[in-house]
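Residue-level structural notes
Read off the chains here:
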Amino acid sequence: MNETHACRQLRDDSQSAKIAPKIAAKIVSRSIGKNRTGIIMRKRFAAALAGTLLAGSALAQVSNDVVKLGVTNDQASIYSAAGGFGAVIAARMAAEDFGGTVLGKKIEIVFADNQNKPDIGVGIARRWIENENVDAIVDGGSSAVGMAIQAVTRDANKLFLISGSGTHALTNANCSATGFQWSWDTYGVAAGTAAELMKQKLDTWFFITADYTFGHLLEAQATEVVKAHGGKVLGSVRAPFNTSDFSSFLLQAQTSGAKVIALATAGGDTTNALKQAREFGLTKMGQKVAALFMNITDVDALGLDAAQGLIITTSFYWDRTDASRAFSKRFLEQHKKMPTFLTAGAYSAVTHYLNAVKAAGTDDTAKVAEQMRKTKINDPMTENGWIREDGRVMREFYVVQVKTPEESKYPWDYYKIIGTVPAEEAALPLSRSECKLVKKTN
């Protein structure tokens, strides 16, 4: 058996890890004698050659000779400031930091705007998977679109790295063996903010809620925390998606007399509601306006004068550690905005995925997913995070308060961290999970 034939056989054989040592031994035995010294040398050379052959086998296991990821979200509408093209930049940064290749093959990032429409998101996902050889989809955008994409990736056995979509149904009733919820979920952000405000004796609440799945879940989760801490919900009202005038909703909230007016909204809806609440003078009348979901780009759009004092729960703040600062300043140079927890999540997810491809020696979905689950997550966003059996990434969350203009000392110096939510408290307990992947115990 010559070297060329041996390499060909190894690459073609699915049991290459088992036969590599035998092939290597045959190659080496022809050139090294059988005395004691020769035997020792033969063993050493065979081991080294086996490793080389296996490396060649790993290279051959990258489908279509490229590792391809597709980023899809809202890139022009209400959620684009927090995610949008910033998620594409973050994914590209992860690929660049990996050297642009993995297992000797090019890393390619493609992207598309799903316009917050599930049918468009499904069409993009199917085209990428069926026609364009995309190995993993990143972000997802709104919760409704994320849920629709997860159904596609589950059926197609492709990975979904969910850095944008926040409904905790993605790792609960609608969980997937190939879906990983990376940045946040409705349980985590609601639990952190509601618990902190209840500690401040703000125990009566009124909700202004986005009238779709995301808003409903956010309200339900915060309500659970409020009641668990002995508080009361005095009422709620549903606001249509992309509402420009919140005056009637704010009037109802004001009339309720609740100590907390909670916004279970996102993006432009949240900033519009907060601006109008300030115009109404609600905080001067003694009511606390709380944003259950808010990104640092929303604070930037509002300005510190309007946003000061807000309590927010986040999984990432750019100015928290040396690693987060270094990453964020590089991101700022490209995007002209600091990363949100959505865009930082895209970087983290793609980085962990590429590390798993490298460690697994293949881009095969099942093998990469297995590697991702058994490897700790360490990057500028996360220290010692891990992926739970339901696909939820487990990490600490941070409760922050928006600084006053006087407290802010430099650009984007917006938050002071006032509390930490441990990973297990920031996620729905597995004992309450409806995910079919969770092993039930009596």
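Residue numbers run consecutively from 1 along every chain, following the written order of its sequence. With the structure being a predicted model, the display of local features is reserved for residues of pLDDT at least 70 and the display and counting of side-chain atom pairs for 80 or more, all residues being used for whole-chain, interface and lining totals. Calculated side-chain values reflect all of the structure's heavy atoms, with hydrogen atoms and water omitted.

1. Focus: the pairing of strand β5 (residues 159-162)
- Partly exposed residues are those whose accessible area sits between 20% and 50% of the maximum for their type, while under 20% is buried and over 50% is exposed, using a 1.4 Å probe and protein chains only. In this text, helices come from DSSP runs of H or I with a minimum length of four residues, and strands from runs of E with a minimum of two, each type numbered from the N-terminal end. Residue alternation in β5 divides its side chains into two sets, L159 and L161 and F160 and I162, and both sets are buried.
- Summarising the sheet, strand β4 (residues 136-139) and β5 pair through three bridges and their orientation is parallel. Each residue of the ladder has a partner; that of I137, found in β5, is F160.
- Convention used here: a crossover is right-handed provided that the path from the first strand, over the helix, to the second strand proceeds clockwise when the strands point away from the viewer. A crossover connection joins β4 to the parallel β5 through helix α6 (residues 143-156); in handedness this β-α-β unit is right-handed.
- Bridging between β5 and strand β6 (residues 179-181) involves three bridges; their strand directions are parallel. Across the sheet, residue I162 finds its bridge partner in β6, namely Q181. Only strands joined by at least two bridges in the DSSP assignment are considered to pair.

2. Section: the pairing of strand β8 (residues 232-239)
- Examined bridge by bridge, strand β7 (residues 204-210) and β8 share seven bridges and lie parallel to one another. What sits directly across from W205, in β8, is V233.
- For the crossover from β7 across helix α8 (residues 213-228) to β8, the handedness is right-handed.

3. Comments concerning helix α5 (residues 118-131)
- Here, expected helix span is obtained from the residue count minus one, scaled by 1.5 Å. Between its terminal C-alpha atoms α5 stretches 19 Å, which fits the 20 Å expected from 14 residues at 1.5 Å a residue.
- Buried within α5 are the following residues: G121, V122, I124, A125, W128 and I129. All buried residues of α5 lie within an arc of 160° about the axis, which places them on one face of the element. More than 90 degrees from the buried face of α5, the exposed residues found are D119, E130 and N131.
- Where α5 is buried, its residues contact β1 (66-73), β3 (105-113), β4 and α6. As used here, the arc is the angular range of directions from the helix axis to the C-beta atoms. Any pair of residues with heavy atoms lying within 4.5 Å of one another is described as a contacting pair.

4. Some points on the state of the cysteines
- In plain terms, two cysteine sulfur atoms within 2.5 Å form what is called a disulfide here. Per the stated rule, a full pass over the model turns up one disulfide.
- With a sulfur-sulfur separation of 2.1 Å, C175 is cross-linked through a disulfide to C435. Every disulfide takes its handedness from the sign of the S-S torsion; for C175 and C435 that torsion is 90°, giving right-handed. Of this pair, C175 sits in the loop between β5 and β6 while C435 sits in the segment after β15 (415-421), placing them 260 residues apart in sequence. A single burial state applies to C175 and to C435, both of which are buried.

5. Let's talk about the confidence of the model for the protein chain
- pLDDT expresses how confident the predictor is about each individual residue, on a scale running from 0 to 100. With 86% of its residues at a pLDDT of 70 or more, the protein chain shows a mean pLDDT of 89.
- In the predicted structure, residues 1-21 sits below a pLDDT of 50 and forms 26 contacts with residues beyond four places in sequence or in another chain.
- A low-confidence stretch, residues 48-60 (pLDDT under 50), is modelled with 22 contacts involving residues beyond four sequence positions or located in other chains.

6. A few points about the nonpolar core
- Core analysis: the biggest nonpolar cluster contains 112 residues, and L69, W205, I208, V299, Y353, M372 and Y415 have the highest contact counts within it.
- The element contributing the most residues to this core is helix α14 (residues 341-360), with 11 residues.
- If sequence neighbours within four positions are ignored, Y353 has contacts with V67, L69, D135, A136, L159, L161, D363, V368 and M372.
- Grouped together as the second largest cluster of nonpolar side chains are 16 residues, A112, W128, V134 and L170 included. Residues belong to a common nonpolar core when they are buried Ala, Val, Leu, Ile, Met, Phe, Trp, Tyr or Cys residues joined through side-chain atoms within 4.5 Å.

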